[in-house]
Amino acid sequence: MEGLWRAAAGLDPKPEDYEGVDFWSAPERAGWLTKQGEYIKTWRRRWFVLKLGKLFWFKDSFVTHDSKPRGVIPVGACLTVKGAEDVLNKQFAFELSTNRDTMYFIADSEKEKEEWINSIGRSIVQHSRSVTHSEVVDYDSKR
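What you see is a predicted model, and the numbers here were worked out from it, not measured in a lab. (Residues numbered from 1 in each chain as written. Predicted model: local features only at pLDDT ≥ 70, side-chain atom pairs only at ≥ 80, totals over all residues. Heavy atoms only, no water.)

## Focus: the sheet that holds strand β4 (residues 71-74)
Inclusion rule: When DSSP finds two or more bridges between a pair of strands, those strands are recorded as paired. For the purposes of this entry, the term helix denotes a DSSP run of H or I that reaches at least four residues, the term strand denotes a run of E that reaches at least two, and both are numbered from the N terminus. The convention used is that axes are lines fitted to C-alpha atoms, helices contributing only their stretch in contact, and that angles between N-to-C directions extend from 0 to 180 degrees.
Strand order in this open sheet of seven strands is β4-β3-β2-β1-β7-β6-β5, and the pairing throughout is antiparallel. Each having just a single partner strand, β4 and β5 (80-83) make up the two edges of the open sheet. Sheet twist, expressed as the average angle between the axes of neighbouring strands with direction ignored, equals 35°. Here strand β2 (residues 43-51) pairs with strand β3 (residues 54-58) via five bridges, running antiparallel. Counted as the bridge partner of W47 is F58 from β3.

## Regarding the confidence of the model for the protein
The cut-off we apply is this: What pLDDT expresses is the predictor's confidence in each residue, scored from 0 to 100. Contact between two residues is taken to exist if any of their heavy atoms lie within 4.5 Å; hydrogens are not considered.
Model confidence for the protein is summarised by a mean pLDDT of 83, while 75% of its residues fall at 70 or above. In the predicted structure, residues 5-10 sits below a pLDDT of 50 and forms 22 contacts with residues beyond four places in sequence or in another chain.

Put into structure tokens, the structure is as follows:
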């Protein structure tokens, strides 16, 4: 769990946190979010990439093979992702929580907030250690 929130503190992720994930190519979701730091509660706009159960963030949107993530969250270790406008009193806010900690984000619109919540939620289910691959249902493919 230390590695999950180490990134939120602004500490550089270790290469093993993102080895084997081609975060620069065909992400499940990518876009700008504003993130609150875990220890220093400032808000910073970052480019986020969700791929293979990991949520990466970068200073800019030009992400290549040589880019180094500013942080990585293994979403399979997270329990919930949900709206947080009432908690932060900020429009388009949402939170990502473990059993011990919560990180806050702000999207650019209600639509983007909902898309991020859905994408991260699906990734939590797919990469949770409590769910086997055969138990995952892709509701999008049944539409």
